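Single-letter residue listing:
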Amino acid sequence: MSSPREGAPRPRFFYGWVIVGLSFTTLAFHLTARFSFSIFQVPLIAEFGWSRGALGGAYALMLGVYALSCPFLGALLDKRGPRAVIPWGSVLIGLGLTMSFFVTSLWHVYLFTGLLIGLGNAMSGFATHSALMPRWFQRRRGLATGIVVAGSGIGALVFSPTIERLIALVGWRSTYLIFGLVLLVGLTAASFLLLRNRPEDVGQARDGLPPREPPREAPPDSTAPAPGAAPAPGVWEVFQTVKKDKRFWAILFIVFTIGLNNNTILSQLQLYLVDAKFSTAAAALLLGATGFVRMLGSAFAGWLSDHIGRQRAQALAAFISAFGVVFLLLIPVMGASLASGLLFAVVYGFGMGGMGACHSAMTADCFGGKSFGAVIGISEIGFGMGGILGPPLAGFIFDATGSYILPFSLVVLMLLAALFTALLTNFSGGRPGAQA
């Protein structure tokens, strides 16, 4: 292992904060590209007459590609470094948005949104940027990760209303083109120019400490394990270990429910609110506000779980999410007032963000260790499966019944099931994932 150089000065500026800023900006754009599909659905249905179920299938494909790619792209990042993976996510998402300018058939939406944006988010999304932070930070890792995750909330708050206004002013095709070119020309260039694999690449060490002496056994940029260290197990080997643990299946069910909840509601929210007589601008503002409050809910639930326990905090977050969906179902009865819409955004956003933060911490408690990245990658498959099922099911049920009551009620029931799963499962015990 390398050691600090004797008398080496501490760098005046730590390059890790450039990485944080880049990741913050990247997540703001990339996750907006995913959730803004809810906004684009309104003009697409108006122009082409496609059903909500058919468009929900494109969203489901996007989540499926994301979920199935995450474990393998995470392994590629470990092997080749972030610069070999993350910038190409901006390329693919930028291409998907830009090519959407030419959409004339439904299969175009499946290709550009489902395949390209889904794979792009797997290459440069929450999982890969979360894996990037430990390379640069140890003492301030929580702060750095919190700032990065905040990018998705700020992006939703700022970009969702912006996209809606651009659609109203220049049309959905030009909006896709503008959004895509910003990513291709601006964000991609910034990523290739600024991203570095590790502090040693810029002559620094983690947390901005004095540079360390390179190890004698390998060059400074080597990713080889330390002498005598066992190689990290593969994804299949990790799964063979954790599948024997009941806690893993309980967590997987909770993550599946999170995927079902988040993606069903957010993919249909713009359409639902417009049906409830909100203007498209107000609906986009509420979509953005929900994403912003989600960020606050994550931070609060993470803090709360340290004080009352992960299980209780997870159950509370599930209850708040379920209450938020029930409140959403009541909005058409109460009238399309901005006050009721904002109340929904606050309640549902807090619950949704809280569930995500608690499940991540609970997974780390149970399976933390050198295999934790693989366990998280496997659990993302559960999230993706929920996303694959929910949006098209909600769309097809609406096409058949003209109402979201049935699919949204199903989400409420699943959230209540996740609540009891969190409370009734014994999450104490050893860490098989840490030994795998």
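Residues numbered from 1 in each chain as written. Predicted model: local features only at pLDDT ≥ 70, side-chain atom pairs only at ≥ 80, totals over all residues. Heavy atoms only, no water.

Enquirer: How should I be thinking about the overall build of the protein in this particular structure?
Expert: Along its length, the protein carries 16 helices and zero strands. Per-residue burial over the protein gives 53% buried out of 436 residues. Residue pairs at least 24 apart in sequence account for 86% of intrachain contacts in the protein once pairs closer than 6 positions are excluded. Counting only carbon and sulfur atoms, one obtains 68% of the accessible surface of the protein, whose full area is about 18,400 Å². (Helix = DSSP H or I, 4+ residues; strand = E, 2+ residues; numbered from the N terminus. Buried < 20%, exposed > 50% of the residue type's maximum accessible area, 1.4 Å probe, protein only. Contact = heavy atoms within 4.5 Å. Areas by Shrake-Rupley, 256 points an atom, 1.4 Å probe, with all protein chains shown as cover.)

Enquirer: How should the pattern of salt bridges be read in this particular structure?
Expert: Pairing of side chains with opposite charge becomes possible as their charged atoms draw close. With the rule as written, the count across this model stands at five salt bridges. A salt bridge links D275 to R52; its shortest N-O distance comes to 2.8 Å. Here the residue D275 occupies a position in helix α10 (residues 246-275), and R52 occupies one in helix α3 (residues 52-80), the gap between them amounting to 223 residues. Assessed through its relative accessible area of 35%, D275 is described here as partly exposed. (Salt bridge = Lys/Arg side-chain N within 4 Å of Asp/Glu carboxyl O.)

Enquirer: So what exactly am I meant to see when it comes to the packing of aromatic side chains here?
Expert: The relative placement of two aromatic rings is captured by the distance of their centres and the angle of their planes. Following the criterion strictly, the structure yields 20 aromatic pairs and no others. Where F48 meets W172, the ring centres are 6.0 Å apart and the plane angle is 70 degrees; that geometry is what we call edge-to-face. With F48 in helix α2 (residues 37-48) and W172 in helix α8 (residues 172-194), this pair connects stretches of sequence that are 124 residues apart. Residue F48 is classed as partly exposed on the basis of its relative accessible area, which comes to 26%. Through a chain of ring-to-ring contacts, three or more aromatic side chains come together here, namely F14, Y15, W17, W136 and F137. Taking NZ or CZ as reference, R52 lies 3.9 Å from the ring centre of F398, over its face. (Phe/Tyr/Trp six-rings, centres within 6.5 Å; stacked < 30°, edge-to-face > 60°. Lys NZ or Arg CZ within 6 Å of the ring centre and 35° of its normal.)

Enquirer: What is the right way to look at the side chain of Q270 in this model?
Expert: Looking at the secondary structure, you find Q270 in helix α10. Classification of Q270 as buried rests on a relative accessible area of 1%. With sequence-adjacent residues up to four places away left out, Q270 is seen in contact with S38, I39, V42, T280, A283 and A284.

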